[in-house]
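# Working through the structure, step by step
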Amino acid sequence: MSSGRVHVLRPEDLGEGERQRWRELRAAAEVPRNPFMEPEFTAAVGLVRPGARVAVLYEGTEPAGFLPFERGPLGQGRAIGLGVSDCQGAILRPGLVQDTAELLRACSLSAFAFDNLEPEQRLFLPYAAEEHATFVIDVEKGYDTYESVLRAQSPKFLKTTLAKERRLGRQVGPVRFVFDERDPAVLRTLMEWKSAQYRRTGRRDRFAQEWITRLVGRLAQTRAPECTGTLSVLYADGRPVAAHFGLRSSSVLACWFPAYDPAFAKYSPGLVLHLRMAEAAAAEGIGLLDMGRGPAEYKDSLKTGELAVYEGAALRPGAGAALHWLSREPVRRAHAFVRAHPRVASLASRALRGAGRLRAGHRR
């Protein structure tokens, strides 16, 4: 049980000393330094989400921990940026002992929901309902070593993808890759591609939500050593054919929003883009590309391993916790059932794609 004070602030009210202390605590953590866990990401969310808050845990006059969160009705709390953030949790001094219920009470929260909780989060791991795999590319030993791993585990994939890259150059025009593109017009193009992809596959269009579009715009302008918005683009004959927007720290590239122009699908530009991103990241000294949770064929082809993330919610007894359970738990269990039964998952995916085609037909 901690006897320290807890102050709850808006992200913009954090002082530079507190932000620096946050960075120091992240540097001391024994987990990959994911940029979603940096103060810059929380600050950007705070500019587009009015319920964004940060609990600052003090030992004496010294900040010993931070919990970024969003507060909803009846004190229902959620990890900062839930729904788009791929790494979540508290930032605590190593060895700090804190009671979870006491912290939630200090934050006036009845619940704290998470869906990408990182490992070693002792405050919230006891409340995890599911474990998921997040797929990663390890380039710590350099891109050439990564290519040698791909040749060993999926030689046909690598050979075919590189051949398609050469064919793209011959049939369309010179191929060029930019790791950190600053042109806002290309970012808009990427979001248009991604929205169209969501609709084609029958999934919720994240960019139809204004706060997500604004958040990406803010992060595209963020330049900090451990949280930099990074737009990577594959060009052919001077036009973008695939692009990705994510966040990078000095050691992790968090892959977030990849998409490509369907007119060039036969060249697999998205796969080519990911190979070039891995190459550029390795050259920058970045050792890990985190492609996020959720199965996908391209992730299976590119990955070198998996890390665990967790989904669940810490609850305090009361009306807010009951409302959270009623609104979230049945849906979570339904999703878990589908994931656990491959045939059901396949049928659900086909149904979503069919619904997407129907919606597209109605709009024409």
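The preceding data block contains the structure.
Note that this is a predicted model, so its numbers are computed, not measured.

## Let's talk about the overall build of the protein
Of the regular secondary structure elements, the protein holds 11 helices and 14 strands. Looking at the 364 residues of the protein, the share that counts as buried comes to 52%. In the protein, of all internal contacts separated by at least 6 residues, the share reaching a separation of at least 24 is 74%. As presented, the protein carries roughly 17000 Å² of accessible surface, and 52% of it is formed by carbon and sulfur atoms.

## Quick notes on the pairing of strand β10 (residues 227-236)
Across the 10 residues that make up β10, a large majority, 10, are buried. Neither face of β10 is open: one carries Cys227, Gly229, Leu231, Val233 and Tyr235, the other Thr228, Thr230, Ser232, Leu234 and Ala236, and all of them are buried. One ladder, built from four bridges, connects strand β8 (residues 175-178) with β10; its direction is antiparallel. By the bridge assignment for β10, Val178 is matched with Val233. As paired elements, strand β9 (residues 223-224) and β10 share two bridges and run antiparallel to each other.

## So, the packing of helix α5 (residues 155-171) against helix α8 (residues 269-283)
A packed helix pair is summarised by two numbers, namely the angle formed by the two axes and the spacing between the axes. At a closest axis distance of 9 Å, the pairing of α5 and α8 adopts a crossing angle of 100°. Judged by the angle between their axes, α5 and α8 are roughly perpendicular. When α5 is examined against α8, the residues Phe157, Leu158, Thr161, Leu162 and Glu165 are found in contact with a partner set consisting of Leu271, Val272, Leu275 and Arg276. For the contact of α5 with α8, the residue count by class is six nonpolar, one polar and two charged.

## Concerning helix α4 (residues 143-153)
It helps to recall that an α-helix has 3.6 residues per turn; residues three or four apart then point in one direction. Of the residues making up α4, those classed as buried are Tyr143, Tyr146, Glu147 and Leu150. Along the axis of α4, the buried residues cluster in a sector spanning 100°; they form a single face. Along α4, the residues that are exposed and aim more than 90 degrees away from the buried face are Asp144 and Ala152.

Conventions and cut-offs
- Residues numbered from 1 in each chain as written.
- Predicted model: local features only at pLDDT ≥ 70, side-chain atom pairs only at ≥ 80, totals over all residues.
- Heavy atoms only, no water.
- Helix = DSSP H or I, 4+ residues; strand = E, 2+ residues; numbered from the N terminus.
- Buried < 20%, exposed > 50% of the residue type's maximum accessible area, 1.4 Å probe, protein only.
- Contact = heavy atoms within 4.5 Å.
- Areas by Shrake-Rupley, 256 points an atom, 1.4 Å probe, with all protein chains shown as cover.
- Pairing = 2+ DSSP bridges.
- Axes fitted to C-alpha atoms, helices over the stretch in contact; angles between N-to-C directions.
- Parallel < 35°, antiparallel > 145°, perpendicular 65-115°, else oblique.
- Nonpolar A, V, L, I, M, F, W, Y, C, P; charged D, E, K, R; others polar.
- Arc of directions from axis to C-beta.

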